[in-house]
Amino acid sequence: MRKTSEIIKKRLEDAGVRYWAGDNIANFIMPEEHEKLIDELTVKFEAVLDGLVIDRHTDPNSMDTGRRLAKMYINELMAGRYDPAPPATAFPNEPDNVTNEKYEGMLVVRSELTSVCSHHHQPVKGVAYIGIIAADKLIGLSKYTRIAQWCARRGTLQEELAMDIAREIMKATGSNDVGVYIQATHGCCENRGIMAHSSLTQTTVLRGSFKDNSHVKQEFFDNIKLQQAFAPR
């Protein structure tokens, strides 16, 4: 009997679709296959524990660790690979009743992120500041964070993540003017290798007027500084 992962990979390869750690493959997974993937992964994670010489049969803390790991990867850490994009219902950016003007200013949203480094599968934790100049449609404030978290919940690099968020925000809003700034700490720097517990990585992606207009770019980073000054500590 073929494994569920092999069936899904065959679908992807037949369609000529890439399935790297940072890619979303939700369109090629049947709803019932999520649980089947968890079942398959449970056995594989148990084999990893066996290889680490951990007694998962009598150690009460390790008895169900294989399944916990499988559920965590599919349902949480890498859910952005297996789940479709969150719904982001848009509504028209219409003129108000007083001035007959629609909103054409900047919006900056701060979103907390948790991701996974695709090199060592260590946690990446930080915040994304998403800036946008409103176009003809708007989305709810929470949707910016949902989109950013969906992009983050997969194996990725911070540079790629910033580009993914910018692309998905542009798609959801129809705006060509988007900026994304991410600052995050990386477990692959803190928990292994150089053990740098004070490291911080920053990445920026600018599109449209955020890249071409120096005043827009400056306003974006001024807004980030204001948000950082009043952010919870």
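Relevant structure appears above.
Bear in mind that the values here come from a model prediction, so they are computed numbers and not experimental data.

Cut-off values and rules
Residues numbered from 1 in each chain as written. Predicted model: local features only at pLDDT ≥ 70, side-chain atom pairs only at ≥ 80, totals over all residues. Heavy atoms only, no water. Helix = DSSP H or I, 4+ residues; strand = E, 2+ residues; numbered from the N terminus. Buried < 20%, exposed > 50% of the residue type's maximum accessible area, 1.4 Å probe, protein only. Lys, Arg positive; Asp, Glu negative; His and termini not counted. Salt bridge = Lys/Arg side-chain N within 4 Å of Asp/Glu carboxyl O. Axes fitted to C-alpha atoms, helices over the stretch in contact; angles between N-to-C directions. Parallel < 35°, antiparallel > 145°, perpendicular 65-115°, else oblique. Left-handed = near helix turned anticlockwise from the far one by under 90°. Contact = heavy atoms within 4.5 Å. Nonpolar A, V, L, I, M, F, W, Y, C, P; charged D, E, K, R; others polar. Core = buried A, V, L, I, M, F, W, Y, C linked by side-chain atoms within 4.5 Å. 1 Å grid on protein atoms, 1.4 Å probe; cavity = no way out; pocket = protein on both sides within 12 Å on 5 of 7 lines; lining within 4 Å. Points joined across faces, edges and corners; volume = space filled by probe spheres on them. Patch = residues over 30% accessible without salt bridge, like charges linked within 9 Å, V, L, I, M, F, W, Y side chains within 5 Å. Areas by Shrake-Rupley, 256 points an atom, 1.4 Å probe, with all protein chains shown as cover.

*Asks:* I'd like to hear about the side chain of Glu190, residue by residue, with values.
*Replies:* Checked against the element boundaries, Glu190 lands in helix α7 (residues 187-190). The side chain of Glu190 sits in the buried core without any salt bridge; Lys125 is the nearest counter-charge, 9.9 Å away.

*Asks:* Lay out the packing of helix α2 (residues 33-51) against helix α3 (residues 65-77) with the relevant residues and their values.
*Replies:* Where α2 contacts α3, the axes come no closer than 7 Å and their chain directions differ by 130 degrees. Taken as axis vectors, α2 and α3 run oblique relative to one another. Here α2 and α3 pass one another in a crossing that is right-handed. Mapping the contact onto sequence places His34, Glu35, Leu37, Ile38, Asp39, Leu41, Thr42, Phe45, Glu46 and Leu49 in α2 and Thr65, Gly66, Arg67, Leu69, Ala70, Lys71, Tyr73, Ile74 and Asn75 in α3. Of the residues in the contact of α2 with α3, the class split is nine nonpolar, five polar and five charged.

*Asks:* Quick one: what's the story with the nonpolar core, residue by residue and with numbers?
*Replies:* Counting residues in hydrophobic clusters, the biggest one holds 26 residues, and the most contacted among them are Leu113, Tyr144, Leu161, Ile165, Ile169, Val180 and Ile182. Residue assignment for this core shows that the elements contributing at least two residues are β2 (106-117), β3 (123-133), α5 (141-152), α6 (158-173) and β6 (178-186). With residues up to four places along the chain from it excluded, the contact list for Ile169 reads Ile130, Ile132, Tyr144, Ile147, Gly174 and Val178. Counting 13 residues, the second largest nonpolar core, distinct from the first, contains Ala70, Met78, Tyr82 and Val116.

*Asks:* With reference to specific residues and values, describe empty space enclosed by the protein.
*Replies:* Under the defined criterion, the tally for this structure stands at one cavity of 30 Å³ or more. By volume, the largest cavity is sized at about 80 Å³. What lines the largest cavity is a set of 15 residues, among which Ser115, Val124, Gln158, Leu161 and Ala184 lie closest to the centre. Going through the elements one at a time, β2, β3, α6 and β6 are the ones with two or more residues in the lining of the largest cavity. It is β2 that provides the largest number of residues to the lining of the largest cavity, a total of five residues. Per-class residue counts for the lining of the largest cavity are eight nonpolar, six polar and one charged.

*Asks:* Kindly report on a nonpolar patch on the surface, identifying the contributing residues and their values.
*Replies:* Together, Val48, Leu52 and Ile54 line one region of the surface with nonpolar side chains, adding up to about 250 Å² of accessible area. Within the fold, Leu52 resides in the loop between α2 and α3.

*Asks:* Tell me about unusual backbone geometry, and please be specific about residues and values.
*Replies:* The phi dihedral of Asn100 is positive, around 60 degrees, even though this residue is not glycine. Along the chain, Asn100 turns up in the loop between β1 (90-92) and β2. The class of Asn100 is exposed, set by a relative accessible area of 59%. Not every positive phi belongs to a glycine, and His121 is a case in point at roughly 55 degrees. Here His121 is to be found in the loop between β2 and β3.

As far as function goes, none of this settles anything; it's purely spatial.
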